[in-house]
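Here are the chains, one letter per residue:
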Amino acid sequence: MLAAALRLQGRPGAALEVLRPMARSVDVEFETGLAFAGLDRGEEATAAFRRTLEREPRHASAWRALGDQYTLAGDSAAADDAYARHIRASVNDPRLIEAATALCENNLPAAEQMLRAFLKAHPTDVGAIRMLAEVGARLGRYHDAEKLLSRAIELAPSFDAARANYATILHRQNKPREALEQVELLLRRDPENPAYRNLLAAVLARLGDTARAVEVYRMVLRDHPGQPKAWMSLGHTLKTAGHQQEAVEAYRKSIALMPNLGETWWSMANLKTFRFAPEDVAEMQHQLARDDLAVEDRFHLHFALGKALEDAKDYAASFAHYDKANALRRTAIDYEADEVTALKQRLKAFFTAEFFRERQGQGCPAPDPIFIVGLPRAGSTLIEQILASHSAVEGTMELPDIMAMVRRIGGKDERYPQALAEMTPEQLRALGEKYLERTRVQRRLGRPFFIDKMPNNFLHAGFIHLILPNARIIDARRHPLACGFSCFKQHFARGQGFTYSLADIGRYYADYADLMAHYDAVLPGRVIRVLYESMVEDFEANVRALLAACGLPFEDKCLRFYQNDRIVRTASSEQVRVPIFSDAVDHWRHYEEWLAPLKSSLGDTLQAYAARPVGAPTQ
């Protein structure tokens, strides 16, 4: 009791001195873990909590505290497991224990079946509701999880564990304002909780409030300076805000604490304009030689070394590292090229010229959105930065809202796009209005137009036209080999599963080009096409033509896009802060001898692009 009292007074060191000579009972081990946690000695805290759980596996508070330590260390998989075991240890009903055991074992169908049966008889059991929400979250059914967690905290407003889950689910669904409200409630009750503060910083960064996000990360790191992943997160936020040198300093602190943390090495490489020193290369190679290196760290290090050796013009060794990185990453990616091709075929068959003629004049007439679609690494961030430098246009981010709406329309039985045929004019207009409402949170400047730069929206250009017929759609296109290889050497934080195989990239590009040609045929002049090579060749003429195609008057600031200090979240964030340069146009040729799988899967698409005239944007 004395040790607990000292810890709660903010004196964890004194608490630890009381505990040291005591016999190592369950309570002593647990209190020792809390004292170590208060001293920011995370590894020792984790070890003490594990000793507690060896003695008492159903110690719910120890599982929760262990999960908090893993969260602080950035080990989300271990944290999820610990929190799931906390749930199991917190319940006493044998049926819930059985369901929680299935959840811990990731047997999600069995857990869902048992929980639904239990809730049918006990619909207000908040523990069971939270567990069912966890099943939904693991299955990617975030909307269902959100509703369940909302119900849980409605029934039990002080159920902070459920509220924390709720805030996380809202954040994952790009609902940052709603997530912020929940996190602030949690912090009012537990202001020092590092997991809540980390989530707060992530939500603030999503909202574009990078100054406050940096402040929160610095507060966390002031209290817990030994957390390499927290330093990495600070680096990400500083990079987004355009503070490259400070970002590098944060990344360096992360690496000093954990030199095998591959993601931090890759994060520095991903600054694009950053160059590794020879001693950095030697250290990365040293880390790769370890036998105990996690797969995730290994492929991140290979990606980073590929970039370092590319900058050193050692292209053969560079490609070898890129190839190893992608092979490792591909094993964990559930991507099927046939599914994309099948979707493309369904879209072409459904979105006919007659279909659009019959629905002419329907949808929401607002002209606000400017969609930039295509493949990643095709110059879309450059186009966004040019347009966002205009006084009438606001740049936002790669918004997930169109794809989320498509998933809701398709449901579980893949009824998209066929379900659109049954919709009334009122429903189509409501969908357009819903998109504008969902994205309003990202519009901070009050300008008439805003940009949605989600590249994968090319698949849904027909849907966009249907619900927002006056929105602009820009197709950012780049030479297939240049774009394809640039994707291959990039590790994406999420999505873009096609980029980890040259053959998959070529096939995806071919499907994209074929679908966009279809939209050109059934909606002539609807899509504004901007070729990266044309933009580089005659920059001013292409900027003027792009603005005209968007119905915007020319502004000289658009030529000086690199002076715009807006937040940029994509891999090109540093490249668009300098004037346009032509070095990247043919850089892929250094790697051409290894690109046969890409060429083969592109087929006729490669020749068709080579024959395309270079010029200003076309409609």
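Refer to the structure above for everything that follows.
Notes on the structure follow. (Residues numbered from 1 in each chain as written. Predicted model: local features only at pLDDT ≥ 70, side-chain atom pairs only at ≥ 80, totals over all residues. Heavy atoms only, no water.)

## Focus: the state of the cysteines
So, step 1. In total, this model carries 0 disulfides according to the counting rule given.
So, step 2. As a non-bridged cysteine, C550 has C558 as the owner of its nearest cysteine sulfur, 10.0 Å distant.
So, step 3. On the basis of relative accessibility, which here comes to 1%, the residue C550 falls in the buried class. (Disulfide = S-S within 2.5 Å. Buried < 20%, exposed > 50% of the residue type's maximum accessible area, 1.4 Å probe, protein only.)

## Structural notes on the nonpolar core
So, step 1. Counting residues in hydrophobic clusters, the biggest one holds 150 residues, and the most contacted among them are F276, F351, L420, Y435 and F463.
So, step 2. Of all the elements, helix α28 (residues 502-522) adds the most residues to this core, at 10 residues.
So, step 3. Aside from chain neighbours lying at most four places away, what touches F351 is F356, Y416, P417, L420, G462, F463, H518, Y519 and V522.
So, step 4. Counting residues in each nonpolar core, the second largest holds 28 residues, with L382, V393, I474 and F539 among its members. (Core = buried A, V, L, I, M, F, W, Y, C linked by side-chain atoms within 4.5 Å. Helix = DSSP H or I, 4+ residues; strand = E, 2+ residues; numbered from the N terminus. Contact = heavy atoms within 4.5 Å.)

## Section: the side chain of D504
So, step 1. Within the element layout of this structure, D504 appears in helix α28.
So, step 2. On the accessibility criterion, D504 (13% relative accessible area) is buried.
So, step 3. D504 has contacts with R330, Y335, A337 and F498, leaving out every residue within four places of it along the chain.

## Remarks on the packing of aromatic side chains
So, step 1. Applying the stated criterion to the full structure yields 28 aromatic pairs.
So, step 2. Both rings, one in F319 and one in Y591, keep their centres 6.5 Å apart while their planes meet at 45°; by these two values the pair is tilted. Of this pair, F319 sits in helix α20 (residues 315-330) while Y591 sits in the loop between α30 (539-549) and α31 (596-602), placing them 272 residues apart in sequence.
So, step 3. For the pair F355 and F356, a centre-to-centre distance of 5.6 Å together with 75° between the ring planes defines the contact as edge-to-face. An identical accessibility class is assigned to F355 and F356; each is buried.
So, step 4. Each member of the aromatic cluster is reached from another via a ring pair, and the members are Y315, F319, Y322, F485, F488, Y591 and W594.
So, step 5. The side chain of R478 reaches across the aromatic face of Y532, ending 5.1 Å from its centre.
So, step 6. One residue, R544, lies across the ring of F554, its end atom 3.7 Å from the ring centre. (Phe/Tyr/Trp six-rings, centres within 6.5 Å; stacked < 30°, edge-to-face > 60°. Lys NZ or Arg CZ within 6 Å of the ring centre and 35° of its normal.)

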